[in-house]
Structure formats: C-alpha cells, structure tokens
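If you want the building blocks of each chain, they are given just below.
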Amino acid sequence: MKNRFFGGFWAGLASAFILFTLVSVIYFTATEDKQAKAETLTGQSGTQQQMVEEANFQNKLSALRAIIDLYFWKDVDNETLYEGIYRGLLESLDDPYSRYYTAEEYAEEMESMEGSYCGIGALVNQNMSTMIMTIVRPFVDGPAYKAGILPGDIIYMVDDVDVTGEELSKVVKMMKGEQGTKVKLTVVRDGVNEPIEVEITRDVIEVETVTYEMLEDNIGYIYIMEFDEITLRQFEEAIDELEKAGMKGLIVDIRDNGGGLLDTVCKMLDRIIPTGNIVYTLDKYGNREEIDATSKESLDIPIAVLVNGNSASASEIFVGALQDYKLATIVGTQTFGKGIVQSIVPLTDGSAVKVTVSTYYTPNGRSIHGEGITPDVVVELTDELKQQVIIEKEDDNQLNAALEVIKRKIKIKKLK
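Residues numbered from 1 in each chain as written. Predicted model: local features only at pLDDT ≥ 70, side-chain atom pairs only at ≥ 80, totals over all residues. Heavy atoms only, no water.

Visitor: So what exactly am I meant to see when it comes to the overall build of the protein here?
Guide: The helix and strand inventory of the protein stands at ten helices and 19 strands. Out of the 416 residues in the protein, the part that is buried amounts to 41%. Carbon together with sulfur atoms contributes 53% to the accessible area of the protein, which is approximately 22900 Å² in total. (Helix = DSSP H or I, 4+ residues; strand = E, 2+ residues; numbered from the N terminus. Buried < 20%, exposed > 50% of the residue type's maximum accessible area, 1.4 Å probe, protein only. Areas by Shrake-Rupley, 256 points an atom, 1.4 Å probe, with all protein chains shown as cover.)

Here it is in structure tokens:
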C-alpha cells in the first residue's frame, strides 16, 4: 500500500513536471517570438516594453487556461471564465468605484435611473471600506417599511445566502424580483442580540426622488433622495410650485443622499447660482474641465442645506458650490467625502465598465475626497431619532436648526 501510494505520487509529480515544462516552453517561446517581433517593429524602448508585457500577459492567460482545462476538477463555462477575467481586471485597480458590468447588469443599472422598478422599496448604502450594506431608509408605505425594516439595519443574508462583502449591485439584484414574490432578509439591528429575519413581498416601486412642501413662515422644504435623470425635472417643478406659493426661504434636505449624476446636480445648481463656476475636474493628465452656471434664473432667497455622513459625491458637489459662494448655510454633520468622478463606458456586446476618471474640486479649489465637507452649523441628530423611519418635522432637531437659520436670514434681509 505504501509503495503504491509513493509510486502514484511520483508518477503524478512527473506528469505535473512534464505539463509544467510543456506550458513553460510554450509560454516563454511565444514570448521570445513576440519580443523579437517587437524589436523589429520599433526602436522605441517604451513601445517595445509595452509589446513585451502584452505578449507576456496573453501567453500567461493561455498557460493558466491550459492548466485549468487539464487539472480543474469541473468543466468550466467559457462565458463565466471570461466574465471573471473582466471583473478581475477592474478589481485589480484597487478602486471600489470602478467595476465591470455584464450586459444584464448594465441594463439593470440603466433601468434603475428611470425611476421605476420592482423590489422591496428601500434606500441601501454600502460602506466601501468595510463593504457592509445598511438600510438608509425604507420608503414610506413600501414593502420593506410594511415588513418592519428600520434605518440602520445591516443586511446580513438574503434568502439565507450570506451577502457579507458582496457588491451592492449583486445584493440589490437579489432583492429585486417579480411583483408579488417574497424575499427574506436577515438583518443585524443595533441593540438586538440576534439577527432578525424579515419576509418582504416585492412590489412595483415608483421612485419619487424629490418631495416638497411649504413649512411655517413661507419657508419651502425640498427633500432630494438622489440625483438621477428624473430628479432635475422634479426639482424644477418643486421650485416653481413653491415660488408660486410665495416662498421666502428654502431648506434643501440631502441627508442620506449618496449622489448620482454629475450632469443632473450641475443643472440643478445652475437653477440656483447666478453666475460662475459650479465645479471643475482634473484627470490624471492634468486636463481641466469646468462646468459653469449659464442659466439666467437664480434663487435670491435665504437657503439652508441639510447634510449628514451619508451625503456623498454629487451631494457634496451641491453643498460645496453653495458653501463656497455663501449662497446657503450648511447644517448637520460632516459629509461622506467622495470627491472623485466615475464614467460608464458601454462596450459593443452590451456590457460596460465604470471607471474613476477624475477628481472634482469646488469653485474655491477644494478637494474633499476622504475628508468631506464640514457644515457651517454642526448639529447631530438625536440618538432616539436615528432608527425612526418617519421623523416628525417638529421633532427633527437638525431641521429645526435649519429653520432657525432661515428665519434669522429672512429678518436680516427685511432690515436691509
């Protein structure tokens, strides 16, 4: 038995050595051939080095594929293998905001910007350092709200599948589904020792990214959930209606707004800012792109903006511009600190890649990446309110602080 074991071991080792030698010969011979061609084609050392590296890359992929085909214990689907390579290429950038989308994922991403989908009805955020996914806010009267999901709930499992560390888009896809079907969420809740299982019946969710109303003393209130394609129209409608109703001051609430489209937030700022730069970006080549206010319309009324630690990206562009021009008083807590811009590049087969392309700067030249924006008036939401889905406006200490700011500004404006 002992002899048979060692005989099999040495035979296997010999076979592995032969395979390794064969693959190595194929790999290095091909590399040398392409290196020779590179030397013939160009005398530029940089270009030559790139061609050699490309040859090494292609041949190593071939070698790895040969090993998988010969040794891996299961059959491998080509499409799955290739998709893994594409994902790995983007993941190697060590940038949590750059990623690869399959054709199906890209179509879903575009659909999510149209304002309607079928799912649980909740705003979900992912900490890109810890990859922990948290319920920011269940939509009032939506499926998650009716099932008892609360702000701050950490998503641990979806249908008994541990989603810890998974990409947010993958988990969101798991929570979406046909109307009337059920999905089980297991969440970890602050103050509760054991995970909580919640069964939610999916439904059609009509996303209303902007809501508004008139508060006391003719002070308008606009809540912006995210900056998507439909947000600009909804924001302009809100401004128009509030102005018709005699608005004397405005509070814009972008707490828990994780961002969205650069084009959308800049057009919204163009409706507020009279003139000047809104934001500018710098890419790795030093190319500067400026976006300026060009509209003849602006808001000449006292403005306050509510922010918190989940106000990120496009939200911080919104806040940064208004703060730099002293057109608004920022109230709340330190913002998230995402000061980089991503572009989505569609590919010919329907897939796409999202890559970080530049850093953005506020009009005064501030880069807030990794730092966030400090409010002019720092107010922490009280602990008892942090897990409430619906916070009554009279109890909202941050909103009440913003109201006091606007009231003072209105009085000062009258005196002038």
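Visitor: I keep staring at helix H10 (residues 397-415) and nothing clicks. Help me out?
Guide: For the α-helix, the turn length of 3.6 residues means that residues three or four positions removed from each other point alike. Over its 19 residues, H10 runs 27 Å from end to end, which matches the ideal 27 Å to within 8%, given 1.5 Å per residue. Of the residues making up H10, those classed as buried are Gln 398, Leu 399, Ala 401, Ala 402, Leu 403, Val 405, Ile 406 and Ile 410. Those residues of H10 hidden inside the fold are in contact with strand E10 (210-215), strand E11 (219-224), strand E12 (249-253), strand E15 (303-307), strand E16 (329-332) and strand E19 (377-378). One side-chain oxygen of the residue at the start of H10 lies 3.2 Å from the amide nitrogen of Gln 398, identifying that residue as Asp 396. (Expected span 1.5 Å × (residues − 1). Contact = heavy atoms within 4.5 Å. Polar contact = N/O pair within 3.5 Å; in protein donor to acceptor, adjacent residues only side chain to side chain.)

Visitor: It is not clear to me how the packing of helix H7 (residues 231-244) against helix H8 (residues 262-270) should be interpreted in this structure. Could you clarify?
Guide: The relative placement of two packed helices comes down to the angle between their axes together with the axis-to-axis distance. Between H7 and H8, the shortest axis-to-axis distance is 9 Å and the interhelical angle comes to 15°. Classified by the angle their axes make, H7 and H8 are roughly parallel. Where H7 crosses over H8, the two elements pack in a sense that is right-handed. Residues Thr 231, Leu 232 and Phe 235 of H7 touch H8, and the partners they reach there are Thr 264, Lys 267 and Met 268. Each residue belonging to the contact of H7 with H8 can be placed in one class, and the counts come to three nonpolar, two polar and one charged. (Axes fitted to C-alpha atoms, helices over the stretch in contact; angles between N-to-C directions. Parallel < 35°, antiparallel > 145°, perpendicular 65-115°, else oblique. Left-handed = near helix turned anticlockwise from the far one by under 90°. Nonpolar A, V, L, I, M, F, W, Y, C, P; charged D, E, K, R; others polar.)

Visitor: Which parts of the structure should I look at to understand the pairing of E15?
Guide: The two faces of the sheet receive side chains in turn, since in a regular strand these alternate between them. Of all five residues that make up E15, five are buried, and the element is covered over most of its length. Neither face of E15 is open: one carries Ile 303, Val 305 and Val 307, the other Ala 304 and Leu 306, and all of them are buried. As paired elements, E15 and E16 share four bridges and run parallel to each other. Bridge pairing links Ala 304 to Thr 329 in E16. (Pairing = 2+ DSSP bridges.)

Visitor: Any chance you could explain the sheet that holds E11 here in plain terms?
Guide: Pairing between sheet strands relies on hydrogen bonds along the backbone, with the strands arranged either parallel or antiparallel. Read across the sheet, six strands follow the order E10-E11-E12-E15-E16-E19 without closing on themselves; strand pairing throughout is mixed. The sheet is open, and its two borders are formed by E10 and E19, each paired with just one other strand. Looking at chain direction, E16 and E19 are connected through two bridges and run parallel. Residue pairing across strands places Val 331 opposite Val 377, the latter belonging to E19. On the sheet, H7 packs against E10, E11 and E12 and is oriented at approximately 15° with respect to E10.

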